[in-house]
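Tertiary structure, described
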Amino acid sequence: MKMKTIAIREMLPEDVPEIAMIERSSFSAPWSETSFYSEVYNRHSITRIAELDGMIVGYICVKQIIDECHLMDLAAHPDHRKQGIATMLLNNVIADLRSDCRRMYLEVRASNAAAVKLYGKFGFKTVGIRKNYYMHPEEDAIIMMLTIEADAPAQARPK
Ligand SMILES: CC(C)(COP(=O)(O)OP(=O)(O)OC[C@H]1O[C@@H](n2cnc3c(N)ncnc32)[C@H](O)[C@@H]1OP(=O)(O)O)[C@@H](O)C(=O)NCCC(=O)NCCS
């Protein structure tokens with residue numbers, strides 16, 4: 001039987017409606033389509049998708065500011081979670097940022113155990129809390145930071 005392979009490619013403007021559907025089923029306060037378009041067209045943003053049989057199964061948006069970057073958004077399709085998709089997307093972006101980016105920051109809802117565990121596997125450390133950062137529902141954000149070594153191998157292995 002032929003193995004199904006997940007491919008990572010650049011996000012295109014025409015991907016946005018499909019991505020926004022995954023976003024709405026992944027977050028209580030989802031990004032709008034307009035937010036994704038502005039990321040796709042922003043030359044400081046890295047925007048990529050994971051694709052399986054022509055279907056989008058995950059996406060990532062990272063903003064780069066000189067030698068720092070910020071993980072803005074990351075999700076896997078609800079029907080395709082726990083299959084290594086978020087790990088693949090993060091590894092893919094970190095590999096490309098490694099030569100000129102030394103730190104990656106992110107905010108995550110304090111109750112989002114799946115995401116906190118994922119980031120912990122990559123070596124992200126908690127560096128602060130933003131009180132009541134999120135709305136719908138109101139919740140603290142954990143601020144996490146990853147130190148990116150210029151010559152290290154990928155931080156977490158895909159399944
Ligand atoms: C968090 C999320 C992106 C993980 O995506 P994924 O493709 O399922 O993650 P992976 O399969 O690459 O998992 C990698 C590791 O993350 C952790 N993890 C992922 N899902 C988990 C869950 N439901 N419970 C506990 N740990 C989980 C595990 O450590 C896992 O490794 P393991 O399977 O070897 O234990 C996904 O659950 C999602 O889209 N959630 C909704 C959106 C979201 O919260 N995004 C993050 C915002 S900061």
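Quick summary incoming for the structure in this document.

1. Description of the overall build of the chain
On a plain count of helices and strands, the chain comes out with four helices and seven strands. When the elements of the chain are put in sequence order from the N terminus, they spell out β-α-α-β-β-β-α-β-α-β-β. Relative to the compact-globule value of 15 Å for 159 residues, the chain shows a C-alpha radius of gyration of 15 Å, a close match. With the C-alpha coordinates of the chain rotated into their principal frame, the extents come out at 45 × 40 × 30 Å. Within the chain, the proportion of its 159 residues that are buried is 26%. Partitioning the contacts of the chain with sequence separation of at least 6, the portion at a separation of at least 24 is 61%.

2. Re the packing of helix α1 (residues 16–24) against helix α2 (residues 33–40)
One can describe the packing of α1 onto α2 by two numbers: an axis separation of 9 Å at closest approach and a directional angle of 125°. Overall, the two elements α1 and α2 adopt an arrangement that is oblique. Viewed along their axes, α1 and α2 form a crossing whose handedness is right-handed. Of the residues in α2, those touching α1 at Val 16, Pro 17, Ile 19 and Ala 20 are Glu 33, Phe 36, Tyr 37 and Val 40.

3. Digging into the site of the ligand
Neighbouring the ligand are 20 residues, the closest being Arg 81, Ala 86, Thr 87, Ala 114 and Leu 118. Those elements that provide at least two residues to the shell around the ligand are β4 (68–76), α3 (85–97) and α4 (113–122). Among the elements that make up the shell around the ligand, the one with the highest residue count is α4 (six residues). Grouping the constituent residues of the shell around the ligand by class yields eleven nonpolar, five polar and four charged.

4. A few points about the environment of Arg 109
With respect to the helices and strands, Arg 109 occurs in strand β5 (residues 103–109). In sequence terms Arg 109 and Arg 130 are 21 residues apart; their C-alpha atoms lie 9.7 Å from each other. Filtering out sequence-adjacent residues up to four positions away, Arg 109 remains in contact with Tyr 134, Glu 139 and Ala 141.

5. Overview of the pairing of strand β3 (residues 55–65)
Bridge analysis of strand β2 (residues 45–52) against β3 gives eight bridges, and the strand direction is antiparallel. Looking at the pairing, Arg 48 lines up with Ile 60 of β3. The turn joining β2 and β3, which pair antiparallel and follow one another in sequence, is formed by two residues; a positive phi near 50° is taken by Asp 53. Linking β3 to β4, which pair antiparallel, is a turn of two residues; within it Ile 66 sits at a positive phi near 55°.

6. Some details on unusual backbone geometry
Here the residue pair His 136 and Pro 137 is connected by a cis peptide bond, since its omega of -5° sits within 30 degrees of zero. Take Pro 137: it is sitting in the loop between β6 (125–134) and β7 (139–147). Within the chain, Asn 132 stands out as a residue other than glycine whose phi angle is a positive 50°. As for its position among the elements, Asn 132 is in strand β6. On the neighbour-count criterion, Asn 132 (9 C-beta atoms within 10 Å) is exposed. At His 136, a residue that is not glycine, the phi angle is positive and equals roughly 55°. With respect to the helices and strands, His 136 occurs in the loop between β6 and β7.

7. Things to note about the sheet that holds β5
Pairing in this open sheet of seven strands is mixed, and the strands run β1-β2-β3-β4-β5-β7-β6 from one edge to the other. If you trace the sheet from one side to the other, it starts and ends with β1 (7–10) and β6, each paired once. Across the sheet, the mean angle from the axis of one strand to that of its neighbour is 25°, orientation sign disregarded. The sheet contacts of α4 involve β5 and β7, and relative to β5 the element is tilted by about 160°.

What counts as what
- Residues numbered from 1 in each chain as written.
- Predicted model: local features only at pLDDT ≥ 70, side-chain atom pairs only at ≥ 80, totals over all residues.
- Helix = DSSP H or I, 4+ residues; strand = E, 2+ residues; numbered from the N terminus.
- Rg over C-alpha atoms; globule rule 2.2 N^0.38 Å.
- Buried ≥ 20, exposed ≤ 12 C-beta atoms within 10 Å, placed from the backbone.
- Contact = placed C-beta atoms within 7 Å.
- Axes fitted to C-alpha atoms, helices over the stretch in contact; angles between N-to-C directions.
- Parallel < 35°, antiparallel > 145°, perpendicular 65-115°, else oblique.
- Left-handed = near helix turned anticlockwise from the far one by under 90°.
- Near = placed C-beta within 6 Å.
- Nonpolar A, V, L, I, M, F, W, Y, C, P; charged D, E, K, R; others polar.
- Pairing = 2+ DSSP bridges.

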